[in-house]
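The lines below spell out each chain.
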Amino acid sequence: MERKKIKELLSSHKTGKEVFVKGWVRTKRGSKNIVFIALNDGSTINNIQIVADASVFKEDLLRDITTGACLAVTGTLIESVGQGQNVEIKANSIELYGKCDAETYPLQKKGHSMEFLREIAHLRPRTNTFGAVLRIRHAMAFAIHKYFNDKGFFYLHTPIITGSDAEGAGEMFHVTTLDLTNIPLNEDKTVKFTEDFFGKPTNLTVSGQLEGELGALALGEIYTFGPTFRAENSNTPRHLAEFWMIEPEMAFYDLRDNMDLAEDFLKYLIRYALENCREDLEFLDKMIQKGLIDRLNFVLGNEFIRMTYSEAVDILIKADRKWEYPIAWGKDLQAEHERYLVEEHFRKPVILTDYPKAIKAFYMKQNDDGKTVRAMDVLFPGIGEIIGGSQREEDYERLLGRIKELNLPEKDLWWYLETRKFGTAPHSGFGLGFERLIVFITGMSNIRDVIPFPRTPKNAEF
Ligand code: ATP
Ligand code: MN
């Protein structure tokens, strides 16, 4: 018989039929005569109830059915007389795939702390919370591809290993096959990278943007969606050393088009979650963050505030507030400033534009004022920066000038510069941190709890 997913059975009205399910036991209760098993197979947050007549099954089989055990059950789908479910399964046969030792299984009780669950990341997907988060994470990944595909964007695979160290977005992880206990050296004691695998220094990518631009200047509109790596020692609830980023890059978009796309994209994803992940969101609203669904709807129903960095700094200076990091024009905004703007001042998502060029990357289009660049950051409640982007500098001389000013390795960027020589075009793009999006959608408070196996300083278990 064909196995059915529990999600499908729970919405089925075809009672009286023989069905076959497999899954893990969440709870078992009952009496000497009858046993009720809540079975979950991960297809939905809801369990299906298995009813086993104790006289039909061997006693030691029933004894071995404990929380965490894995079962295959055939039985008759019947209308449930109990509360909380429409249908249940009256078991005809039960096969025990895997026992689960009640003494040592760490997921016995409810209400484990998030910190403890992080230590058992191999098992935490079996909890309601992590099941919900991971299903939503999947749905968002799917929706991202759907959104861009429907708009005619092409998914471009940019390299994970890069040979350019020029982006300045963060510290990089080296990629090498050199023997670290016996590093070959040049005469001047620098590392002899000509003996390394690629014959030069290489790193894990911090962003696919530069290569993404090459795609946009040929295919028109592209996006990347892949892992990125930052060896920054940021022990915050918003930073991971390995995270996933979505980076659309579009020819012929100016900064306003870029902002319009970012807002439309985020709203599409929120709407998609509300329409397709309802049960998981309701669970998270109840158990993790009260008011979550209202907050998502609120963001959907309101236009994002758009203003310049300079205007925002004025607001922050006038704010009656003692900042941990004092604010002045020219300084980068800290999380406390960003969160003040979105959570207290405007109480809405905010897009800030036209940042001082000194605090932004070399590739951003310079404004005529000589001081600012056409950058945009999208700031979200509870998160701070969720998107960072800009219109790109398309002028060869200005781009080269900036590269020289900042002492960036011009020779490593020859290919990037050539696009500005051969049919350059105005273009823009941005990067959305996938996990920050998932933090927002799920209401989880730590970014380590929205990725299956988080990588953070001093932590690469699993
Ligand atoms: P922050 O100032 O918060 O560190 P950033 O300015 O370094 O962010 P960008 O380089 O613009 O961020 O990266 C684009 C997006 O990637 C950010 O808006 C954010 O959503 C996400 N992001 C950046 N760094 C991390 C990280 N360490 N972990 C998870 N997501 C990140
Ligand atoms: Mn950063």
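One can find the structure itself at the top, above this paragraph.
Here's what I pulled together on the structure shown here.

Moving on to the site of ligand 1. Taken together, 15 residues lie around ligand 1, and Arg-230, Glu-232, His-239, Glu-385 and Ile-386 are the ones closest in. Leu-240 is positioned such that a nitrogen or oxygen atom in its backbone is 2.9 Å from a nitrogen atom of ligand 1. Contacts to ligand 1 include Arg-436, whose side-chain N or O atom sits 2.9 Å from an oxygen atom. Its free accessible area being 580 Å², ligand 1 has 82% of it covered by the protein chains. Only strand E11 (242-251), strand E15 (384-391) and strand E16 (427-433) provide two or more residues apiece to the shell around ligand 1. Counting residues per element, the shell around ligand 1 draws most heavily on E15, at four residues. Here the shell around ligand 1 is built from residues that sort into six nonpolar, four polar and five charged.

This part takes up the pairing of strand E1 (residues 18-30). Bridging between E1 and strand E4 (residues 70-79) involves seven bridges; their strand directions are antiparallel. Directly across from Gly-23, in E4, lies its bridge partner Leu-71. Pairing of E1 with strand E2 (residues 34-40) involves six bridges; the strand directions are antiparallel. In the strand pairing of E2, Lys-28 is matched with Ile-37. Where E1 hands over to E2, the hairpin turn is made up of three residues, counted between the paired strands.

Time to look at empty space enclosed by the protein. Scanning all chains against the criterion turns up one cavity of 30 Å³ or more. For the largest cavity, the full set of lining residues is Ala-121, Arg-124, Pro-125, Phe-130, Val-133, Leu-134, Asp-449, Val-450, Ile-451 and Pro-452. The residue inventory of the lining of the largest cavity, partitioned by class, reads eight nonpolar, no polar and two charged.

For the rest of this paragraph, the subject is unusual backbone geometry. Its identity is not glycine, yet Phe-252 carries a phi of approximately 70°, on the positive side. By the secondary structure assignment, Phe-252 is in the loop between E11 and helix H6 (255-276). The exposure class of Phe-252 is exposed, given its relative accessible area of 62%. Phi angles above zero are rare outside glycine, and Phe-462 is one such case at about 70°. Looking at where Phe-462 falls in the secondary structure, it is placed in the segment after helix H13 (434-442). By relative accessible area, Phe-462 is classed as partly exposed at 39%.

Moving on: the nonpolar core. One finds Ile-94, Met-140, Leu-281, Phe-380 and Leu-437 to be the most contacted residues of the largest nonpolar core, which totals 92 residues. Excluding anything up to four places from it in sequence, Ile-94 contacts Ile-37, Ala-52, Phe-57, Leu-61, Ile-65, Leu-71, Ala-72 and Val-73. Listed in part, the 30 residues of the second largest apolar core include Met-307, Leu-341, Val-350 and Ile-403.

For the rest of this paragraph, the subject is the sheet that holds strand E8 (residues 174-175). Spatial strand order, E7-E9-E8: three strands in an open sheet with antiparallel pairing. The open sheet has two edge strands with one neighbour each: strand E7 (161-162) and E8. Sheet topology places E7 next to strand E9 (residues 202-204); two bridges connect them, and they run antiparallel. Bridging from a neighbouring strand, Thr-162 pairs with Asn-203 of E9.

Evaluation of the coordinates by the stated rule reveals 26 salt bridges. The residue Arg-402 makes a salt bridge to Glu-405 at a minimum N-O spacing of 2.4 Å. Taken together, the positions of Arg-402 and Glu-405, both in helix H11 (residues 396-405) and three residues apart, correspond to about one turn of that helix. Assessed through its relative accessible area of 6%, Arg-402 is described here as buried. Via salt bridges that share partners, Glu-213, Glu-249, Arg-392 and Arg-420 belong to a single interconnected network.

The next point concerns H11. Here H11 has its buried residues at Leu-399, Leu-400, Arg-402 and Ile-403. Down the axis, H11 shows its buried residues gathered within 160° of arc, on one side only. Within H11, the exposed residues directed more than 90 degrees away from the buried face are Glu-397 and Glu-405. In this fold, the buried residues of H11 make contact with helix H12 (414-418). The N-cap of H11, judged by a side-chain oxygen 3.2 Å from the amide nitrogen of Glu-397 a few residues on, is Asp-395. Where H11 terminates, the next one or two residues include Asn-407, which has phi positive at roughly 60°.

Once that is clear, we can look at the sheet that holds E1. Read around the closed barrel, the five strands follow the order E1-E2-E3-E5-E4; overall the barrel is mixed. For this sheet the average axis-to-axis angle between neighbouring strands, irrespective of direction, equals 55°. Across three bridges, the pairing between strand E3 (residues 48-53) and strand E5 (residues 87-98) is parallel. Note that in E5 the partner of Gln-49 across the bridge is Glu-88.

What counts, and where the lines are drawn
- Residues numbered from 1 in each chain as written.
- Chains lettered and ligands numbered in written order.
- Predicted model: local features only at pLDDT ≥ 70, side-chain atom pairs only at ≥ 80, totals over all residues.
- Heavy atoms only, no water.
- Near = heavy atom within 4 Å.
- Polar contact = N/O pair within 3.5 Å; in protein donor to acceptor, adjacent residues only side chain to side chain.
- Areas by Shrake-Rupley, 256 points an atom, 1.4 Å probe, with all protein chains shown as cover.
- Helix = DSSP H or I, 4+ residues; strand = E, 2+ residues; numbered from the N terminus.
- Nonpolar A, V, L, I, M, F, W, Y, C, P; charged D, E, K, R; others polar.
- Pairing = 2+ DSSP bridges.
- 1 Å grid on protein atoms, 1.4 Å probe; cavity = no way out; pocket = protein on both sides within 12 Å on 5 of 7 lines; lining within 4 Å.
- Points joined across faces, edges and corners; volume = space filled by probe spheres on them.
- Buried < 20%, exposed > 50% of the residue type's maximum accessible area, 1.4 Å probe, protein only.
- Core = buried A, V, L, I, M, F, W, Y, C linked by side-chain atoms within 4.5 Å.
- Contact = heavy atoms within 4.5 Å.
- Salt bridge = Lys/Arg side-chain N within 4 Å of Asp/Glu carboxyl O.
- Arc of directions from axis to C-beta.
- Axes fitted to C-alpha atoms, helices over the stretch in contact; angles between N-to-C directions.

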